[in-house]
Amino acid sequence: MVVLRVPALHNGVKTVLWQFTCYLSNLVLCNIRMPCEVKPRFVVLYGSQKGQAQSIAEGIAEEAEEHGLVAELSCLNQNENYNLEKENAPVIFIVSTTGDGEPPDNALQFVKHIKKKTLSTDHYKHLCYALLALGDTNYANFCNCGKTIERRLQELGAKQFYATGYADDGVGLEVVLDPWIEGLWKAIKGALSKMASDRAVHVKGDAGDLTEETPDSSIPVVQLDLLSLTDHQNGKSVGASVESDSKFASGASSSASATQTAVSDVRPASSAGRPGLASHSGGVASVSTSAPETQTGGAGVHHVALAASLTCSLPPLSESSLNVPALPPPYLDVSLQEVDTMGEITGPSNKETLHEVPISKAAQLTRGDSVKTALLLEMDISAYPMMTYQPGDSFDVVCPNRASEVEDLLHRLGLQDQRNHCVHVSLRKDTKKKGAKVPSYIPQNVSLLYLFTWCLEIRSVPKKAFLRALVENTRDSVQKRRLQELCSKQGAEDYNLYVRDQSLSILELLAAFPSCSPPLSLLIEHLPKLQPRPYSAASSCLRHPGKLHFVFNVVEFPACHGRPAGRQGLCTGWLFDLINPVLVFPGKAESSSSPALPKIHVSLRPNCSFRAPTDPSVPFIMVGPGTGVAPFIGFLQQRENERQENPEAVYGETWLFFGCRHRDRDYLFREELEGFVSSGTLSHLKVCFSRDNCEEEAEKATASAGRARYVQHNLLLNSQQITNILLKQNGCLYVCGDAKNMAKDVNDTLIEMIKTELQVDQLEAMKTLAGLREEKRYLQDIWG
């Protein structure tokens, strides 16, 4: 208790002093902090489909403490944890986009809520926000979820305090992500300062008529200097924080420690200090790392490697100081327990949400020495009458990691003898990770073998924060330096070239850096959930009741530095091995024997947009080269059955643009497509073969000369009819297939067609095409 010794004074003065003493006592008893101890707060909200946006949001929340701030982190679907209707602190949104420009599952309800037309235009006039949108320019509707949220917030009166960032996973999120986060801290502090000033002015205005005796009327005014006080306490200025490097350059699966600095400055051997030791000064970690001794000869001449690779860099990178992410904080305790008997789970852990269906037919569609191997699989779904689908719908296939790779990883970690031990995963009591929790996809009471087989994506490309954590577990100084380069800002190009673009897995990375020995807990913290693989239905229930067809190419990853031998895609390679005993090749009759039918676990992905028009009189155009033709086989099967059942109805035109390399090797569904034309179901079939003519003049062929190599050339040849269907007959256009090349080329061609036919400029043509998207009359089902 605070005691004042007061000499004989006037009774009125004594009374005032006594009241002040009681006020101070109450502050102490109620454990109320003085304003200089309070850190300003802000809110971080994320919407994430596969964990990327969540990881970035967690990293921002962790780094906040280093800047004298407190972040309140929540997922957008956890609306019990935040209240935007009354929020008076800055709000940061981190959101990704999934599907055809749709919000992530955990952001869907939030987007629906803010899109309500009953909300007034000043509903969020009090809200101050910034937004980072994640997307991929290889796909349509780039960052559409972020753009939707931002547009709606502004329509509802919210004010933006920092420019929106649009991070593109097609070229590397860190290109936008790093500078956006560098500038975020200064922007947050500026917003906080302005909001505090505005509140203080408001309070002063409201308190103008109050008497001087009001005991707490001046308390809000004291908080005006909170920002500068907090900054000085942390020994850094606002300007200094902008020069820091982000600690989670490409969205790691776990964020950086609040006790670590945002930047580790790694210098080559010429820097002062002993190699490998970190010195801390002014809150910045300075790490000196020696260059490999083998690079310097006896005469002091540097011997430079002739070519850069995954494990070796060239100047200037090899001689540069590096800005690397700070060390992500460990947050899981993992132990292995030997058990006598264990009721091992077989197959995926979420069986209750899946359907186990037999594969009743498997046929290879490509012939001869085709570059790609395309397979058609038929699943028998008759045991699940509620499993209904429409042409255009897709479904997930749940596959395990390849057994040989799991065994190799266990051996690399030195855990091959403990593969059947029970894994216990719990949260570390001393973790500094904000909002840390055991991942929901890590089941209890399973073996280590099961964990690596069904739960963790061991094929995933390691993020930069993962590489940063691996540095601490690498003994060899040369390998340690190279890992630092790959996760640094200066090494971003090498990371993309040798890790990201090659789709290297953690197993392949560990093989390239043999002195790296990470603990099991590190892999469980950083490896994401093993995701199911989506496929499009290639059939109609009307034509094939109780069956579901799908088509895919067996994906091939070529050998590269870090991958001595090529490998197949995870799911397509697994399916190919699974159906090999029952596979029927082109021109061969089905075997009279009945081998056991393999079964797979699937679940439907409802898709209410990529479907043929409900009005049969509406004309539609389909563009689907290669296996992109799959959903359109279902469209046309459905249309043919409808025409047979209701021949008097009016049916709109149907166009299909198909392309492949060679007519005699990979013209998928040729007989069936030609049959659709003969029956009148398909009005126009336009095909092209890009490799059938190898002469020099074929390489120079253009659509204007009447020679089509690719589907976009055939679109140009029929420009007038296509634009007439889309712009005058309210027809629909569907595109399915490769996102990186075909879908972009088709989109650019459509813009050129609109420019020519409507005689408008580029911008107007783009607006017209965007209007078709908005009306759901230009739809895409594309993949990378």
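Look a little higher up for the structure.
Now for a description of the structure that goes with this document. (Residues numbered from 1 in each chain as written. Predicted model: local features only at pLDDT ≥ 70, side-chain atom pairs only at ≥ 80, totals over all residues. Heavy atoms only, no water.)

### So, the overall build of the protein
Broken down by element type, the protein carries 24 helices and 27 strands. Per-residue burial over the protein gives 49% buried out of 784 residues. In the protein, the share of contacts with a sequence separation of at least 24, taken over all contacts with a separation of at least 6, comes to 77%. Carbon and sulfur atoms make up 51% of the accessible area of the protein, which totals about 37,300 Å². (Helix = DSSP H or I, 4+ residues; strand = E, 2+ residues; numbered from the N terminus. Buried < 20%, exposed > 50% of the residue type's maximum accessible area, 1.4 Å probe, protein only. Contact = heavy atoms within 4.5 Å. Areas by Shrake-Rupley, 256 points an atom, 1.4 Å probe, with all protein chains shown as cover.)

### Focus on the environment of N724
Residue placement: N724 occurs in helix α22 (residues 719-727). For N724, a relative accessible area of 28% translates into the label partly exposed. Taking C-alpha positions, N724 is 8.8 Å from E757, a pair spaced 33 residues apart along the chain.

### Things to note about the pairing of strand β26 (residues 732-738)
Buried residues dominate β26, accounting for six of its seven residues. Relative to β26, strand β23 (residues 620-623) runs parallel, the two sharing four bridges. The residue of β26 that forms the bridge with M622 is Y734. Where β26 lies against strand β27 (residues 778-783), six bridges are found, and the strand directions are parallel. When the sheet's bridge partners are listed, Y734 is paired in β27 with L779. (Pairing = 2+ DSSP bridges.)

### With respect to the packing of helix α9 (residues 403-412) against helix α10 (residues 448-455)
Where α9 contacts α10, the two axes come as close as 10 Å, and the packing angle between them is 130°. When the axis of α9 is compared with that of α10, the two are oblique. Between α9 and α10 lies a crossing of right-handed hand. Here V406, E407, L409 and L410 of α9 come into contact with α10, specifically with L448, L449, F452 and T453. (Axes fitted to C-alpha atoms, helices over the stretch in contact; angles between N-to-C directions. Parallel < 35°, antiparallel > 145°, perpendicular 65-115°, else oblique. Left-handed = near helix turned anticlockwise from the far one by under 90°.)

### Some points on the nonpolar core
Ranked by internal contacts, the top residues of the largest apolar core, which has 51 residues, are L310, F452 and L470. Tallying contributions element by element places α10 first for this core, with six residues. Excluding anything up to four places from it in sequence, F452 contacts N401, V406, L409, L410, L413, I458, L520, L523 and L527. Among the nonpolar cores identified, the runner-up in size contains 32 residues, and L69, C128, L184 and A187 belong to it. (Core = buried A, V, L, I, M, F, W, Y, C linked by side-chain atoms within 4.5 Å.)

### Side note on empty space enclosed by the protein
In this structure the tally under the stated criterion is one cavity of 30 Å³ or more. There is about 40 Å³ of room inside the largest cavity. Forming the walls of the largest cavity are T723, L726, L727, L750, M753, I754, L769 and L772. Those elements giving two or more residues to the lining of the largest cavity turn out to be α22, α23 (739-758) and α24 (762-774). Broken down by class, the residue content of the lining of the largest cavity amounts to seven nonpolar, one polar and no charged. (1 Å grid on protein atoms, 1.4 Å probe; cavity = no way out; pocket = protein on both sides within 12 Å on 5 of 7 lines; lining within 4 Å. Points joined across faces, edges and corners; volume = space filled by probe spheres on them. Nonpolar A, V, L, I, M, F, W, Y, C, P; charged D, E, K, R; others polar.)

### As for the environment of K39
Residue position: K39 is located in the loop between α1 (11-29) and β1 (41-47). Among the residues examined, K39 registers a relative accessible area of 34% and is labelled partly exposed. Through-space distance from the C-alpha of K39 to that of V70 is 6.1 Å; in sequence the pair is 31 residues apart.

### Some details on the pattern of salt bridges
According to the stated counting rule, one finds 29 salt bridges in the structure shown. Where R41 meets E87, a salt bridge forms, and the shortest distance between an N and an O atom there is 2.9 Å. Residue R41 is located in strand β1, and its partner E87 is located in the loop between β2 (70-75) and β3 (91-95); the two are separated by 46 residues in the primary sequence. Two residues, E182 and K489, come together in a salt bridge whose shortest N-O distance is 2.5 Å. Of the two residues, E182 sits in helix α5 (residues 174-206) while K489 sits in the loop between α12 (477-487) and α13 (492-500), which places them 307 residues apart along the sequence. Looking at K489, the relative accessible area reads 36%, which means it is partly exposed. One network of salt bridges, in which partners are shared, links R481, R482, E485 and D494. (Salt bridge = Lys/Arg side-chain N within 4 Å of Asp/Glu carboxyl O.)

### Description of the side chain of R468
Along the chain, R468 turns up in helix α11 (residues 464-471). A distance of 2.7 Å separates a polar atom in the side chain of R468 from the backbone oxygen of P325. (Polar contact = N/O pair within 3.5 Å; in protein donor to acceptor, adjacent residues only side chain to side chain.)

### Points about α23
Given a rise of 1.5 Å per residue, 20 residues ought to cover 28 Å, and the 27 Å separating the end C-alpha atoms of α23 matches this to within 8%. Regarding α23, its N-cap is D738, as a side-chain oxygen of that residue lies 3.2 Å from the backbone nitrogen of K740 further along. Directly beyond the C-terminal end of α23, a positive phi value near 55° is found at Q759. (Expected span 1.5 Å × (residues − 1).)

### Re the layout of surface pockets
Taken as a whole, the second largest pocket encloses approximately 480 Å³ of empty space. Q364, L365, R367, F669 and E671 are the residues nearest the centre of the second largest pocket, which is lined by 23 residues in total. Going through the elements one at a time, β12 (355-364), α18 (663-666) and α19 (670-679) are the ones with two or more residues in the lining of the second largest pocket. When grouped by side-chain class, the residues that make up the lining of the second largest pocket number ten nonpolar, four polar and nine charged.

### Some thoughts on the packing of aromatic side chains
Where two aromatic rings form a pair, the distance of their centres and the angle of their planes describe that pair. Taken as a whole and judged by the stated rule, the model has 18 aromatic pairs. Aromatic pair F632 and F635: ring centres 5.6 Å apart, planes at 75°, arrangement edge-to-face. Placement of the pair is F632 and F635 together in helix α17 (residues 630-645), with a separation of three residues, close to one helical turn. Across the pair, F635 and F632 agree in class, each one buried. One aromatic cluster in this structure is built from F610, F620, F632, F635 and Y734. (Phe/Tyr/Trp six-rings, centres within 6.5 Å; stacked < 30°, edge-to-face > 60°.)

### Here we look at the side chain of E405
Along the chain, the position of E405 falls in helix α9. Overall, the relative accessible area of 13% leaves E405 in the buried class. Among all residues touching E405, those that are not within four sequence positions of it are I458, R459, L507 and R567.

### Description of unusual backbone geometry
Most peptide bonds adopt trans geometry, and most residues besides glycine take a negative phi value. Here the residue pair P315 and P316 is connected by a cis peptide bond, since its omega of 5° sits within 30 degrees of zero. Examined against the element boundaries, P316 turns out to sit in the loop between β9 (284-288) and β10 (322-324). In this model, N445 sits at a positive phi of 60°, which is unusual for a non-glycine residue. By the element assignment, N445 lies in the loop between β15 (422-427) and β16 (446-447). For F669, which is not glycine, the phi dihedral falls at a positive 60°. Secondary-structure assignment places F669 in the loop between α18 and α19. Judged by relative accessible area, F669 falls into the buried class, the value being 12%.

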